[in-house]
Amino acid sequence: MGEAFKKCVCPSTSYDEKWRSRRKLLTHAFHTSILKNYQPIMNRKCRDLIRDLESVTHQDYVDIFPLMRKASFDVVCECILGKETQTETSTTSFIHSVDEMASVAFERCHLPWLWNNFLFSLSSLGRRFSKAVRVSHNFTDKLISEKKEARLAQTVGQKSGHRKLAFIDLLIEEHLTNNSLTENDIRHEVDNFTFAGHDTTSVSMSWCLWLVGLHPWVQDRIHEELEDIFGEDDREPTSRDLKDMEYLECVIKESLRLYPTVPLLSRELRNDIRSVCGKFSLENSSGRHPFAYVPFSAGSRNCIGQRFALMEMKNGAVLHFEEIQIAIAGPQGSSACFGRDHLQTCRQTENSNSKKESRL
């Protein structure tokens, strides 16, 4: 496709020693001890999402994806970037800029004369892309500046020492201590994880809810598992609870198999690999070839945030199925009800047997 298009579509791709050193550094940001700290944040943001869904139950049709995406973006901002989104405007502006860049990149793919960077920069498409990039960079530059100032204001006794650091703090620490990362390098990584961390998870979660709505018996079994774990307790899920949700994890993995976030993955198949056939129990997974199921890719360049993503999806699913009943609007299998835009949420009211419904 050429280097020009590669730079447009994959501006965050790193190679060789640069990639290896950063991968080694950032792996620590997704350590189990760090992920446990994100549990309360994910619970809170998922509760906010449930309230957003309840607020639109009076509408006939609602697109669920923007709500899922906003919630996922809020989770990434607070967990990975250490900043709670303060205004609806900042969230909307960043998400819109990401959509615009993706739209331009795909459009450019079909216009070979714009693969040349110079010609692209002169085109209206190039100007749209540059404007979207500025919005995205303004968001991340402000965040990095605030984090750097806060870190410099710390006293020696407050510095991290050997404590494991979250994603953005790890990058800032490396920048200030070893000077191995520039501010542009930090922005490069922040942009990459902000985009990949919120867009992919929200898409996957939307597909998962739709699939569960198509299979009521699956939803019933999820409710049974949650009942076994929580009983009458109204507490928030913990990391230990998530580990016990084996059936829910199987459901999420099957959803990712059917509708992977990245539908195409370049690889060479040298030997036959038996299909996973949607069986993800421990006994069926034992001995399976590691490349037979690759929703997060595989090998040294697999998704570094896959445990974070699964944790977020589990949290979201738990709180959804505690509060709402998912059903498909329209006859199953008809084209009218296919897709994430035709989910239906039904929430049992506390003092009534009636249900509030909204087609999503």
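Residues numbered from 1 in each chain as written. Predicted model: local features only at pLDDT ≥ 70, side-chain atom pairs only at ≥ 80, totals over all residues. Heavy atoms only, no water.

Some points on the nonpolar core
1) Next: Membership of the largest hydrophobic core comes to 69 residues, with the highest contact counts inside it found for Phe30, Tyr38, Ile80, Phe167, Ile222, Phe308 and Phe321.
2) Next: Counting residues per element, this core draws most heavily on helix α5 (residues 64-79), which supplies nine residues.
3) Next: Residues within four places of phenylalanine 321 in sequence aside, it is in contact with Leu209, Val212, Gln219, Ile222, His223, Leu226, Leu248 and Ile326.
4) Next: Residues Met101, Leu114, Leu125 and Phe129 belong to the second largest nonpolar core, which totals eight residues. (Core = buried A, V, L, I, M, F, W, Y, C linked by side-chain atoms within 4.5 Å. Buried < 20%, exposed > 50% of the residue type's maximum accessible area, 1.4 Å probe, protein only. Helix = DSSP H or I, 4+ residues; strand = E, 2+ residues; numbered from the N terminus. Contact = heavy atoms within 4.5 Å.)

Details of unusual backbone geometry
1) Next: Positive phi outside glycine occurs at asparagine 179, with the angle close to 55°.
2) Next: Relative to the elements of secondary structure, asparagine 179 occurs in the loop between α9 (167-177) and α10 (183-214).
3) Next: In this structure, serine 297 takes a positive phi of about 65° despite not being glycine.
4) Next: When you line up the elements, serine 297 lands in the loop between α14 (282-285) and α15 (306-323).
5) Next: Relative accessible area serves as the criterion here: at 27%, serine 297 is assigned to the partly exposed category.

Brief notes about helix α4 (residues 39-54)
One full turn of an α-helix is made of 3.6 residues, so residues set three or four places apart face in the same direction.
1) Next: Here α4 is 16 residues long and its end C-alpha atoms lie 23 Å apart, about the 22 Å a rise of 1.5 Å per residue gives.
2) Next: Where α4 is concerned, the buried positions are Gln39, Ile41, Met42, Asn43, Lys45, Cys46, Arg47, Leu49, Ile50 and Leu53.
3) Next: Next to the buried residues of α4 lie α3 (32-37), α5, α12 (239-244) and α15. (Expected span 1.5 Å × (residues − 1).)

Topic: the confidence of the model for the protein
1) Next: Per-residue pLDDT for the protein has a mean of 78; in total, 79% of the residues score no lower than 70.
2) Next: In the predicted structure, residues 1-14 sits below a pLDDT of 50 and forms 25 contacts with residues beyond four places in sequence or in another chain.
3) Next: Note that pLDDT drops below 50 for residues 331-360; the model gives that stretch 87 contacts with residues more than four away or on any other chain. (pLDDT = per-residue confidence, 0-100.)

A closer look at the side chain of serine 255
1) Next: Tracing the sequence through the fold places serine 255 in helix α13 (residues 246-258).
2) Next: Owing to a relative accessible area of 2%, serine 255 belongs among the buried residues under this scheme.
3) Next: For serine 255, the contacting residues outside a window of four places in its chain are Ser204, Trp207, Cys208 and Leu211.

Some thoughts on the packing of aromatic side chains
Any two aromatic rings considered together are summarised by their centre-to-centre distance and by the angle between their planes.
1) Next: Applying the stated criterion to the full structure yields twelve aromatic pairs.
2) Next: Both rings, one in phenylalanine 94 and one in phenylalanine 139, keep their centres 4.9 Å apart while their planes meet at 45°; by these two values the pair is tilted. One end of the pair, phenylalanine 94, is in helix α6 (residues 88-109); the other, phenylalanine 139, is in helix α8 (residues 124-152), with 45 residues separating them in the sequence.
3) Next: Phenylalanine 94 gets classed as buried once you look at its relative accessible area, which sits at 1%.
4) Next: Using a relative accessible area of 17% as the deciding quantity, one classes phenylalanine 139 as buried.
5) Next: Ring centres of tryptophan 207 and tyrosine 259 lie 4.0 Å apart, and the angle between their planes is 0°; this geometry places the pair in the stacked category. Linking tryptophan 207 in helix α10 with tyrosine 259 in the loop between α13 and α14, this pair joins segments that are 52 residues apart in sequence.
6) Next: A network of ring pairs unites the aromatic residues Phe30, Tyr38, Phe167, Phe193 and Phe308 as a single cluster.
7) Next: In this structure, arginine 108 is placed above the aromatic ring of phenylalanine 120, and the distance from its NZ or CZ to the ring centre is 3.9 Å. (Phe/Tyr/Trp six-rings, centres within 6.5 Å; stacked < 30°, edge-to-face > 60°. Lys NZ or Arg CZ within 6 Å of the ring centre and 35° of its normal.)

Observations regarding a nonpolar patch on the surface
1) Next: Together, Phe118, Leu119 and Leu122 give the surface a local cluster of nonpolar side chains, amounting to about 330 Å² of exposed area.
2) Next: Tracing the backbone through its elements, the reader meets phenylalanine 118 in helix α7 (residues 117-122).
3) Next: Phenylalanine 118 sits in the exposed class, given a relative accessible area of 57%. (Patch = residues over 30% accessible without salt bridge, like charges linked within 9 Å, V, L, I, M, F, W, Y side chains within 5 Å. Areas by Shrake-Rupley, 256 points an atom, 1.4 Å probe, with all protein chains shown as cover. Salt bridge = Lys/Arg side-chain N within 4 Å of Asp/Glu carboxyl O.)

Some thoughts on the packing of α5 against α15
1) Next: Put simply, α5 and α15 touch, their axes get as near as 12 Å, and they point 130° apart. Classified by the angle their axes make, α5 and α15 are oblique. Where α5 crosses over α15, the handedness of that crossing is right-handed. On α15, the residues touching Met68, Ser72, Val75, Val76 and Cys79 of α5 are Phe308, Glu312 and His320.
2) Next: By residue class, the composition of the contact of α5 with α15 is five nonpolar, two polar and one charged. (Axes fitted to C-alpha atoms, helices over the stretch in contact; angles between N-to-C directions. Parallel < 35°, antiparallel > 145°, perpendicular 65-115°, else oblique. Left-handed = near helix turned anticlockwise from the far one by under 90°. Nonpolar A, V, L, I, M, F, W, Y, C, P; charged D, E, K, R; others polar.)

As for the packing of α4 against α5
1) Next: One can describe the packing of α4 onto α5 by two numbers: an axis separation of 10 Å at closest approach and a directional angle of 160°. It follows from the interaxial angle that α4 and α5 lie roughly antiparallel. Handedness of the crossing formed by α4 with α5: right-handed. Between α4 and α5, the contacting residues are Ile41, Met42, Arg44, Lys45, Leu49, Asp52 and Leu53 on the first element and Ile64, Leu67, Met68, Ala71, Asp74, Val75, Glu78 and Cys79 on the second.
2) Next: Here the contact of α4 with α5 is built from residues that sort into ten nonpolar, no polar and five charged.

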